[in-house]
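Structure assessment
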Amino acid sequence: MRAVRLTREFVHYIPEQLEPGVLYVSLSFTTVIHLCCCGCGSKIVTPLSPTDWSLTFDGASISLSPSIGNWSYPCRSHYWIRSNTAQWAERWTPSQIQAARTGTGQSGPRRSEPRRRSFAARFRQRVQRWLRHQSGRRRLIRRRPDPR
């Protein structure tokens, strides 16, 4: 499947009618809702908490972790949302799904899940990204013509 580009919309309440390709983020209710990226039209609810999903917003794009596995829906789609893009992951077998649901761990290799980085590594990456952004802004400021 091809990558699906998503947009974000911060809302207080989730609208009754959801638009395809839109991530509705309600920080008040710590929830992200969207229509399934495969196009089946199922409403996908991702509660935000230390034991459920985590949201990363870098000022421009949103990422959700862990992956979205729609095992209870007919489409059984499985994807990651990274930088406003749905990136498709491999399908899981019924035994892998059952192992994940019971908390016994996934049977077999976990190739579809990226390695979880430590807090220090994530913090360092954010600082480096911010510094690159700041240096780019300085370059833009320096390029202004001399007003003389």
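Rules used in this analysis
- Throughout, a residue's number is its position along its own chain's written sequence, starting from 1.
- Whole-chain, interface and lining totals are the exception, using all residues; otherwise, since this is a predicted model, local features are given only for residues with pLDDT of at least 70 and side-chain atom pairs are given and counted only at 80 or more.
- Processing note: side-chain calculations cover all non-hydrogen atoms of the structure and skip hydrogens and water entirely.
- Each helix is a run of H or I in the DSSP string that is no shorter than four residues. Each strand is a run of E no shorter than two, and both are numbered from the N terminus.
- Only protein chains enter the area calculation, which uses a 1.4 Å probe; residues under 20% of their type maximum are buried, those over 50% are exposed, and those in between are partly exposed.
- Contact definition: two residues touch when any of their heavy atoms are within 4.5 Å.
- The protein chains shown are the only cover counted for residues, whose accessible areas, like all others here, come from Shrake-Rupley with a 1.4 Å probe.
- We call a set of buried residues a nonpolar core when its members are Ala, Val, Leu, Ile, Met, Phe, Trp, Tyr or Cys and they connect through side-chain atoms within 4.5 Å of each other.
- A pair of strands counts as paired when DSSP detects no fewer than two bridges linking them.
- Working note: the arc is built from the helix axis to C-beta atom directions.
- The axes used here are C-alpha line fits, helices contributing only the stretch in contact, and every angle between their N-to-C directions lies in the interval 0 to 180 degrees.
- When two rings of Phe, Tyr or Trp (its six-membered ring) have centres within 6.5 Å they constitute a pair, described as stacked for plane angles under 30 degrees, edge-to-face for angles over 60, and tilted for the intermediate range.

1. Section: the overall build of the protein chain
Helix and strand counts for the protein chain stand at two helices and nine strands. For the protein chain, with 148 residues in total, the buried portion stands at 32%. Pairs at least 24 apart in sequence give 30% of the contacts found in the protein chain among residues at least 6 apart. As displayed, the protein chain has an accessible area near 10,200 Å², and 54% of this comes from carbon and sulfur atoms.

2. Description of the nonpolar core
By size, the foremost hydrophobic cluster in this structure holds 17 residues, and its most contacted members are Leu 6, Ile 68, Tyr 79 and Ile 81. Taken together, the elements giving at least two residues each to this core come down to β3 (22-26), β7 (62-69) and β8 (78-82). Looking at this core, the element that brings in the most residues is β7, giving three residues. Contact partners of Ile 68, with chain neighbours within four places excluded, come to His 34, Ile 44, Thr 46, Trp 53, Ser 77, His 78, Tyr 79 and Ile 81.

3. Describing the pairing of β7
The buried fraction of β7 is high, at six of eight residues. Across four bridges, strand β6 (residues 54-57) lies against β7 in antiparallel orientation. Paired with Ser 54 across the strands is Ser 65, a residue of β7. Counted between consecutive antiparallel strands, the loop separating β6 from β7 contains four residues, among which Gly 59 sits at a positive phi close to 95°. Note: β7 against β8, three bridges, orientation antiparallel. From the neighbouring strand, Leu 64 faces β8, where its bridge partner is Ile 81.

4. Quick word on the sheet that holds β8
Consider a sheet: its strands pair through backbone hydrogen bonds, and that pairing is either parallel or antiparallel. Taken in spatial order, the five strands of this open sheet run β1-β9-β8-β7-β6, and their pairing is antiparallel. A single partner strand is all that each edge strand has here, and the edge strands are β1 (4-5) and β6.

5. A few points about helix α1 (residues 94-102)
Among the residues of α1, Gln 96, Ile 97 and Ala 99 are the ones counted as buried. All buried residues of α1 fall inside an arc of 165° around its axis, so they share one side. More than 90 degrees from the buried face of α1, the exposed residues found are Pro 94 and Arg 101.

6. A look at the sheet that holds β3
Strands sit in the order β2-β3-β4-β5 across an open sheet of four strands; the sheet is mixed. Either end of the sheet is taken by a strand with one partner, and the two such strands are β2 (7-10) and β5 (43-47). Averaged over all adjacent pairs, the angle separating strand axes in this sheet is 20°, with direction ignored.

7. Examining the packing of aromatic side chains
One pass over the structure, following the stated rule, counts four aromatic pairs. A centroid spacing of 5.1 Å and a plane angle of 70° characterise the contact between Phe 10 and Phe 57, whose relative ring orientation is edge-to-face. Here Phe 10 is found in strand β2, whereas its partner Phe 57 is found in strand β6, with 47 residues between them in sequence. With a centroid separation of 5.1 Å and an interplanar angle of 20°, the aromatic rings of Trp 71 and Trp 92 are classed as stacked. Here the residue Trp 71 occupies a position in the loop between β7 and β8, and Trp 92 occupies one in the loop between β9 (85-88) and α1, the gap between them amounting to 21 residues. Each member of the pair, Trp 71 together with Trp 92, is buried.

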